Every structure is written in C-alpha cells, then in structure tokens.
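In case you want the letters, here they are:
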Amino acid sequence: MNTFSSWSHDRASSANMATEDLPSDFDIVILGTGLTESVVAAACSRVGQRVLHLDRRSYYAGNWASFTFNGLLTWIQEQNEEPKPEEVRDWSGLTEEGEELIHLSQADSASITNLQVFSYVSEEEEEEEAANTTEEEKAADEEAVKESSETESADSKEDDEEEEGAGEEEEQPAQAEGEEPEADQPRPSPSSQSEPSRKKISYAQLVKEGRRYNIDLVSKLLFSRGSLVDLLIKSNVSRYAEFKNVTRILTYRHGNIEQVPCSRADVFASRQLSVVEKRKLMRFLTSCVEETEEQTAYHGRPYLEFLQDQQLGDNLQHFLLHSIAMVAEDTPTEEGLASTRHFLRSLGRYGNTPFLFPVYGLGEIPQCFCRMSAVFGGIYCLRHSVHCLIVDRDANRCKAVIDSRGQRISCSHIVMETSYLDRSKVATPSRFLSRAVLITDSSVLPSESDQQISMVTVPPEGGSPAVKMVELSPSSMTCIPGTYLVHLTCRSVGSAHQDLSPLVTRMFRTTESQEEDRRPSVLWSLYFNMADGTASQVEGQPLPSNVHICHGPDSALGHEDAVQQAASIFQSILPEEEFCPPAPNPEDIVYDGDNTSTGEDRGDMGQDDEQNPEQNQNQENRNQNQENQNQENPDPEQNQNQGNPELQSVGPEERPASS
C-alpha cells in the first residue's frame, strides 16, 4: 500500500508540502479529524476505500483534541486572535460545463467562546521565596542537603548508617522500612506528612514541565459496555492505546464530598448507609435489570417520583438520581431506568466502576482511528484545507474538491465537520456547554493511594445546573506529580465562568478564599464555552446528497452519539459493507511461499509503518513522558484487571510494536 505521507504529516516541512501533489482521484475526502470523522476514515479505509483525510489545523482531533500545557496556551492565544477576513479566490477556471462551486469556510466557526484564564501562581514567587526564605524552608533545604550527602557517601559509610538507622528505628520504627523506595526518601515528621502533596508549584514550573500535561478540550469517559469500547475491541484499534479504570465515583452533597456505593462490594462496605438502606438499594438495583409492569406504569412520569414511591430514603434517592442514573429530577422514568441499566451493565467488566479513561487523554482516541486508516492506505495532511466543492447541477452531487493549492481532486463522497460550512449556512448553536479546566495541588478527597481517577457528580442547586467533574491523577499521564487535573462540565446558563466559578470557590481554595483549610488549591484555571454539537443545524439550500456533515462533541458523558453518527454516515456511503470489521491478526495469516492465503497482507501493514517513521515520533515522545513519570512514581498503579483478557484487548500492557 502506497501512502502519500505518514499519518503525522504535520511534521513535514512546508517546502516539501509545496512540491508534492496529491493524487487526483479518491473515493472519499474527509475534512476535519474529530472523533466522528476519524472513525469514518478508519471504517472506509478498512474496507478498501481510497481515503484522503485533511485538516486545516496543525493538530489532530479538532474540538476533541488534547494539548500539552504549552500547546494549550498557544491554542488559547489563537482563539483570542481576531479572525482574518477570508480571501475568496476565483476557481471557476477549474470547473466544467454544468458544474458550480460551493465555497467553504477557511476559519473555525464560533464553537469556542468566552475564554478566561486565571493563574494563582506567579513567576515571581520563586524569586520572592528565595529572598525571604522562612525558617521552615531553611530546615527543609538543610534536610535535603543532608539527605543528598548521605546518598552520595552511602557506599563508604554503610556501618555509620546502620548505627543511625538503629537509633531512628527506636524512635520511628515505621520510617526505617521505607528508606529504600525513592518515593519515601523525604521523611517528613508525622505532623507534616501531607506537605509533599501541597508543595508549592510556580507558573515557571508548569511551563517548564508543560509537555507532561495532556489537557482535553472535552471531558468524557468510556462506559465499559458502551459503543466506543465495543468498537475499539471489534476493530482492534485498542492496540494503539492504553486505558485506566476510573477508581471511584463521588458526589458533592451538603458541602462535603462523599463516595457513592455502586457495586455490591461498595454497598456492603459503605459506612454511609444503614443495614436497611443497603438492603433496599440492592433490592432496587436488582429489580432494575429487567423492565417490569410496575416500571411501565410510570412511563412519562418523573424518575424522582418513581424513586420516592419505592420507599427509598433521601440518601438512596440522591445516589440513584444524580450519581448512578445521572439525570435530572424531571427526567421521564423510562429514561432514568435506561440510564440506570446502562450504568449497571457496565459495572464489573473492568473494575468497580463502569468507566474507563484513556492514558494520555481523550485526544488519543481520534488519533488511534486515524492511525488505523493510515495503516490501510489513508492519506493524511494537516494544515491543508479545501476551498470549495465542485457540484454537478443536474445530479446535485459533489464531483470534486479544490484544495488550497488549487488542485482539483475528484471524489465520490465528502465527509466534513460543521465548521467547514460557510457560516451563512450554519445556524448559531442554540445550546452551549460550560467548561472549566483546573490544575490543583491535591485531590478533592485524599486517600491512601495517589493513583485515583474520580468521577464527581454535583447536583443542581439554587438554579445552577448539574455539574459533572472528572479528577485525573498523575497515573493517567495527564499531569505532573504533585498536581491533579480537574475537568468540570455543565450545560450553559451564562458564561462558563459565571456557571462554574461559584462551585470552584466552594470546593477549592483560590485567592478569593479567605479561610485556611484543607481544600485543594487551584494553581491555574481555564474557563470557556463550547457549542453543543447536537444543537448545530444546517440552514438554507440543501447540501449535495453525497456531502455528509459531522457535528462536534455533545453534552453526554459517554461517546454514544459520535459512534452512532459515524456508523450512520458509513452505512449511507457503503450500505453493503460491515462497519469497522476486525483487522486480521498475524496468527491468522497462512503463508504459502511468498504469497499469503488471506486477502489482506499483514506484512504490508507493518511495512507502511516502517516506510513512514515520522508517524511514530509522537508515540516515542509519549513513551519518554511515561518513563519520566515512572521515575518519580516508582510503584505506579497498573491496570486493575490485568488478568482479564478482554481488558487487555482494550488496554494492552505494551505499546504498539511500531512505537
């Protein structure tokens, strides 16, 4: 399979790009590298379609992207820049009789608005601390110097250390055992054991170690029995990524963070519920598995009313409504029960919660599907746009596109994200999402393990919308040790800052907080509004019949909408083909001399990766990032279900061989 470029074509120099010409004929041209477009590209390439996948941006995944901290700062700067007036060029010389042009937008639509950034640490902080070192910091410095000198002379002073260790053992026997592990070398006094997690981090350090952050523009999780996990397993795209279990589900109630008992083990181990409540909860969850006549009688009535009539107390109603079904009080009972069943079906497949999270962030998932498409012959170009479509007037079908270099490229189908349409053809989104991204210095609910990944539900209160919060620890490879990455999402009422800052002030310490307490401190925060993709509508003249539009991320926690949208587009293009069939395994290929007895040569797929070494550069950077993380976390939490072969197919221990 010959490909025009590697899937990481963005690393090619602009000089080389200018001298290369794309092939002039494809089956499908796809504009935008969001999740839906990437799944369509992988599915079409897999069944032998010739796919050209373009994106005018310099990065993959569009509004589904993940950025390093430094990359996010660049993205913020680009979003705040005034849009340049679009230059409309005359491409009529490339059209034939009976054809007309539809011009496309060359700038992102207003899907991101109201960006606000707040930094609660300053670059001057380090200088001020160096000039005005407190007694406690001096003592800490002396202790660090002492420890480093002891380490350097460890081989020559083993006997002395044994004597000192014996003396320490009498006073603090628990510390002597923890001398060897690197994480336990700084041995603080019992009264200050929590200080390492509250170590002050400057803005300069955030920038310096910014490449170790992976910050998502959208905040979602993968249901263990959701359509995206099923697709990853079926298509074997899971081999390109790794996943972590979400380890706990929390809820914010009466000003406190509480853990939600959702599995059988959690219910019986919970100290928040009485014995009677535990029995009621287990009985209710068991009855939810299949629909009964009693449940049918409540169709169209609020789910809260159904819960109240089940003689469930306030505690159980809160957990079931806001943390398990994750619906509003006035949600119809049939929808609430469907959400509850979806939650219960996903429990226990890979852990004690229904959710998975991809290591290195959600932006990895679109790139995994792009890589699959490239392996099967898809051609990828970033920073490459299409200026207009060439449409046959009589058939009302798109025959070709004209790219930014003035090349006419014939195609049978066009798939594009909404932002490529002319703004006059797209209605202003009727719904927006409010997003906040926080970098904090500790967890909202500290525990013995610092490897927790938490899903936090915050019910609506006083007219404010319900908020979904995901807290990521360094084990997810999305932030540096000593910090946590917190994502907050809700439906927009006002600007993101107006919607979410009151909750942030209640749950975290900022400069506005006057009280000194044990709440996590916010080091840096970003607020912005993002258009709800399901609210985008195309207006005006109908588009050609072979032009397929993909909308952006929706407000749901899972990925069902994006996968269903991709499957629908694929079926409309290739109704006779299977959607993302499994890729062949090397063991299934039978060699007969120099030829294989299968229709697809697995060896050629490997060759494509070798011919395009640039596509592995990003993966090598991530592997180096993981090595750096492991050096600071000598005993990182491994996947909780390594023995589960199905989970290994979702999140393999090893990175892909081409890495």
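Residues numbered from 1 in each chain as written. Predicted model: local features only at pLDDT ≥ 70, side-chain atom pairs only at ≥ 80, totals over all residues. Heavy atoms only, no water.

- As annotated in an unreviewed UniProt entry, the protein carries the name Rab proteins geranylgeranyltransferase component A and is attributed to Poecilia mexicana.
- The annotation that UniProt attaches to the protein under Sequence similarities (unreviewed entry) is "Belongs to the Rab GDI family."
- According to the UniProt record, the Subcellular location (unreviewed entry) comment for the protein reads "Cytoplasm, Cytosol". (UniProt positions renumbered as here; feature names shortened; annotations may be inferred.)

1. Let's talk about the pattern of salt bridges
Here is step 1 of the chain: All chains considered together, the criterion is met by 14 salt bridges.
Here is step 2 of the chain: A salt bridge links Asp27 to Arg50; the shortest N-O distance between them is 3.0 Å. Of the two residues, Asp27 sits in the loop between helix H1 (14-19) and strand S1 (28-31) while Arg50 sits in the loop between helix H2 (35-46) and strand S2 (51-55), which places them 23 residues apart along the sequence.
Here is step 3 of the chain: Among the residues examined, Asp27 registers a relative accessible area of 16% and is labelled buried.
Here is step 4 of the chain: Between Asp230 and Arg349 there is a salt bridge, with the nearest N and O atoms lying 3.4 Å from each other. Residue Asp230 is found in helix H9 (residues 227-235), and its partner Arg349 is found in the loop between helix H15 (333-346) and strand S11 (355-358); the two are separated by 119 residues along the sequence.
Here is step 5 of the chain: Take Asp230: its relative accessible area is 37%, and that puts it in the partly exposed class. (Salt bridge = Lys/Arg side-chain N within 4 Å of Asp/Glu carboxyl O. Helix = DSSP H or I, 4+ residues; strand = E, 2+ residues; numbered from the N terminus. Buried < 20%, exposed > 50% of the residue type's maximum accessible area, 1.4 Å probe, protein only.)

2. Description of the environment of Glu209
Here is step 1 of the chain: Note on placement: Glu209 falls in the loop between helix H8 (203-208) and strand S6 (215-216).
Here is step 2 of the chain: Given a relative accessible area of 18%, Glu209 falls into the buried group.
Here is step 3 of the chain: Between the C-alpha atoms of Glu209 and Thr68, which are 141 residues apart in sequence, the distance is 9.2 Å.
Here is step 4 of the chain: Separated by 2.8 Å, the side chains of Glu209 and Arg212 make a polar contact. (Polar contact = N/O pair within 3.5 Å; in protein donor to acceptor, adjacent residues only side chain to side chain.)

3. Re the side chain of Ser473
Here is step 1 of the chain: Residue placement: Ser473 occurs in the loop between strand S19 (467-472) and strand S20 (484-491).
Here is step 2 of the chain: Under the relative-accessibility criterion, Ser473 is labelled buried at 0%.
Here is step 3 of the chain: A polar side-chain atom of Ser473 sits 3.0 Å from the main-chain carbonyl oxygen of Gln452.
Here is step 4 of the chain: Reaching out from Ser473, the side chain makes a polar contact with the side chain of Ser475 at a distance of 2.8 Å.

4. So, the packing of aromatic side chains
Here is step 1 of the chain: Considering all chains together, one arrives at 14 aromatic pairs under this definition.
Here is step 2 of the chain: Arranged with centres 6.1 Å apart and planes meeting at 50°, the rings of Phe284 and Phe306 form a pair that is tilted. With Phe284 in helix H11 (residues 275-288) and Phe306 in helix H13 (residues 303-309), the pair connects residues that are 22 residues apart, well separated along the chain.
Here is step 3 of the chain: When its relative accessible area of 4% is taken as the criterion, Phe284 is described as buried.
Here is step 4 of the chain: Residue classification places Phe306 among the buried residues on the basis of a relative accessible area of 2%.
Here is step 5 of the chain: Note on Phe570 and Phe579: the rings are 5.5 Å apart at their centroids and 55° apart in plane angle, and the pair reads as tilted. (Phe/Tyr/Trp six-rings, centres within 6.5 Å; stacked < 30°, edge-to-face > 60°.)

5. Points about the confidence of the model for the protein
Here is step 1 of the chain: The share of residues in the protein with pLDDT of 70 or more is 71%, and the mean pLDDT across the chain is 78.
Here is step 2 of the chain: Contacts for the low-pLDDT stretch residues 125-138, under 50 throughout, to residues beyond four places or in other chains number 8 contacts.
Here is step 3 of the chain: Counting interchain partners and residues more than four positions distant, the pLDDT-below-50 stretch residues 629-659 has 80 contacts. (pLDDT = per-residue confidence, 0-100. Contact = heavy atoms within 4.5 Å.)

6. Observations regarding the environment of Arg397
Here is step 1 of the chain: Within the secondary structure, Arg397 is located in strand S14 (residues 397-403).
Here is step 2 of the chain: Judged by its relative accessible area of 34%, Arg397 falls in the partly exposed class.
Here is step 3 of the chain: C-alpha of Arg397 to C-alpha of Val547: the two residues are 150 residues apart in sequence and 7.8 Å apart in space.

7. Section: helix H16 (residues 364-375)
Here is step 1 of the chain: Between the first and last C-alpha of H16 there are 16 Å, a value that for 12 residues agrees with the 16 Å anticipated at 1.5 Å per step.
Here is step 2 of the chain: In terms of burial, H16 is largely enclosed, as 12 of its 12 residues are buried.
Here is step 3 of the chain: For H16, the set of buried residues is Glu364, Ile365, Pro366, Gln367, Cys368, Phe369, Cys370, Arg371, Met372, Ser373, Ala374 and Val375.
Here is step 4 of the chain: Just beyond H16, the residue with positive phi is Gly377, at close to 105°. (Expected span 1.5 Å × (residues − 1).)

8. Comments concerning the sheet that holds strand S15 (residues 408-410)
Here is step 1 of the chain: With antiparallel pairing, the 4 strands of this open sheet are ordered in space as S4-S13-S14-S15. Bordering the open sheet on either side are strand S4 (99-103) and S15, each of which pairs with just one other strand. The mean angle between the axes of side-by-side strands here comes to 30°, regardless of whether they run parallel or antiparallel.
Here is step 2 of the chain: Pairing between strand S13 (residues 386-392) and S14: 6 bridges, direction antiparallel. (Pairing = 2+ DSSP bridges. Axes fitted to C-alpha atoms, helices over the stretch in contact; angles between N-to-C directions.)

9. Some words on the packing of H9 against H16
Here is step 1 of the chain: Contact geometry of H9 with H16 gives a least axis separation of 12 Å together with a crossing angle of 30°. The pairing of H9 with H16 is recorded here as roughly parallel in orientation. For the element pair H9 and H16, the recorded crossing hand is left-handed. Contact residues: H9 offers Leu228, Leu231, Leu232 and Ser235, while H16 offers Ile365, Phe369 and Met372.
Here is step 2 of the chain: Classifying every residue of the contact of H9 with H16 by side-chain character gives 6 nonpolar, 1 polar and no charged. (Parallel < 35°, antiparallel > 145°, perpendicular 65-115°, else oblique. Left-handed = near helix turned anticlockwise from the far one by under 90°. Nonpolar A, V, L, I, M, F, W, Y, C, P; charged D, E, K, R; others polar.)

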